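# Observations on the three-dimensional arrangement
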Amino acid sequence: MSLEKMYIVWICAAVLFGIFEALTVQLVSVWFVIGAAAALISSLVGAKLYVQIIVFIAVSVIMLLITRPLVKKKLEVKAEPTNADRCIGKTATVTEDIDNINATGQVKVDGQIWTARSVNSSIIKKGTNVTVEKIDGVKLIVKED
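Owing to the predicted nature of the structure, the values given are computational and were not obtained by experimental measurement. (Residues numbered from 1 in each chain as written. Predicted model: local features only at pLDDT ≥ 70, side-chain atom pairs only at ≥ 80, totals over all residues. Heavy atoms only, no water.)

## Some remarks on helix 1 (residues 6-24)
Look at helix 1: 27 Å from first C-alpha to last across 19 residues, which is about the 27 Å you get at 1.5 Å a residue. Of the residues making up helix 1, those classed as buried are M6, W10, A13, A14 and E21. Angular distribution of buried residues about the axis of helix 1 spans 95 degrees; they occupy a single face of the element. For helix 1, the exposed residues lying more than 90 degrees away from the buried face are L16, A22 and L23. Where helix 1 terminates, the next one or two residues include V25, which has phi positive at roughly 50 degrees. (Helix = DSSP H or I, 4+ residues; strand = E, 2+ residues; numbered from the N terminus. Expected span 1.5 Å × (residues − 1). Buried < 20%, exposed > 50% of the residue type's maximum accessible area, 1.4 Å probe, protein only. Arc of directions from axis to C-beta.)

Here it is as structure tokens:
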């Protein structure tokens, strides 16, 4: 293809990157659309092929560096604390022997029964007071007082 018709390549590149971006909706190629548009403009003003390629790469990288941190910040999912988090640090009473190897154990904390596991895999007997260290899924991880 002759240098005069490179604008067609840049138009096609911008369209293809745009389609790819629309299909993924992950903001992975929007920067290349802008880079291809800049290269298209440089092609239309008569820049040599290597200049067009440099413009494409430079604009794409600059747009990525400028906008990616902003986009990541906006798309960042914040963990929402749940009411279960209030159990952490509280004292609970073992209602069923806690044995990590046999996957048994329950505790009562704040009037609710929870499945429990010990933090260090020790067996904790029924009736023992324990402290809730953390929550792992639907299980409380506890340590003996």
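## Overview of the nonpolar core
Ranked by size, the top nonpolar core spans 13 residues in total, and within it I98, V107, V130, L140 and V142 carry the most contacts. Among the secondary structure elements, those contributing two or more residues to this core are strand 1 (91-99), strand 2 (104-109), strand 3 (112-118), strand 4 (129-136) and strand 5 (139-144). Per-element tally for this core: the top contributor is strand 1, with three residues. L140 has contacts with C87, V107, V109, W114, T115, A116, R117, V132, K134 and I135, leaving out every residue within four places of it along the chain. In this structure, A14, A36, L40 and F56 belong to the second largest nonpolar core, which totals eight residues. (Core = buried A, V, L, I, M, F, W, Y, C linked by side-chain atoms within 4.5 Å. Contact = heavy atoms within 4.5 Å.)

## Here we look at the packing of aromatic side chains
Here the structure, examined in full by the defined rule, presents four aromatic pairs. Between F17 and F56, the aromatic rings sit 6.2 Å apart at their centres with planes inclined by 20 degrees, giving stacked as the arrangement. Residue F17 is located in helix 1, and its partner F56 is located in helix 3 (residues 49-75); the two are separated by 39 residues in the primary sequence. Overall, F56 belongs to the buried group, its relative accessible area being 15%. Chaining the aromatic ring pairs together yields one cluster made of W10, F17, F32 and F56. (Phe/Tyr/Trp six-rings, centres within 6.5 Å; stacked < 30°, edge-to-face > 60°.)

## Side note on the pairing of strand 2
Burial along strand 2 is one-sided: G105, V107 and V109 are buried, while T104, Q106 and K108, pointing the other way, are not. The pairing of strand 1 with strand 2 spans four bridges and is classified as antiparallel. Opposite D99, over in strand 2, you have T104 as the bridge partner. The turn linking strand 1 back onto strand 2 is made up of four residues, and A103 within it adopts a positive phi angle of 55 degrees. The pairing of strand 2 with strand 3 spans four bridges and is antiparallel. Its bridge partner being in strand 3, V107 is matched across the sheet by W114. If you look at the hairpin formed by strand 2 and strand 3, you'll find two residues sitting between the two strands, and D110 has a positive phi there, around 50 degrees. (Pairing = 2+ DSSP bridges.)

## Digging into the pairing of strand 1
Examined bridge by bridge, strand 1 and strand 4 share three bridges and lie antiparallel to one another. By the bridge assignment, A92 is partnered in strand 4 with V130.

## What about the pattern of salt bridges?
One pass over the structure, following the stated rule, counts four salt bridges. When the shortest N-O distance is used, the salt bridge between D110 and K90 registers 3.0 Å. Here D110, found in the loop between strand 2 and strand 3, pairs with K90, found in the loop between helix 3 and strand 1; they are 20 residues apart in sequence, far enough to count as distant. Exposure remark for K90: the relative accessible area of 32% places this residue in the partly exposed category. One salt-bridge network, in which partners are shared between bridges, spans R86, K90 and D110. (Salt bridge = Lys/Arg side-chain N within 4 Å of Asp/Glu carboxyl O.)

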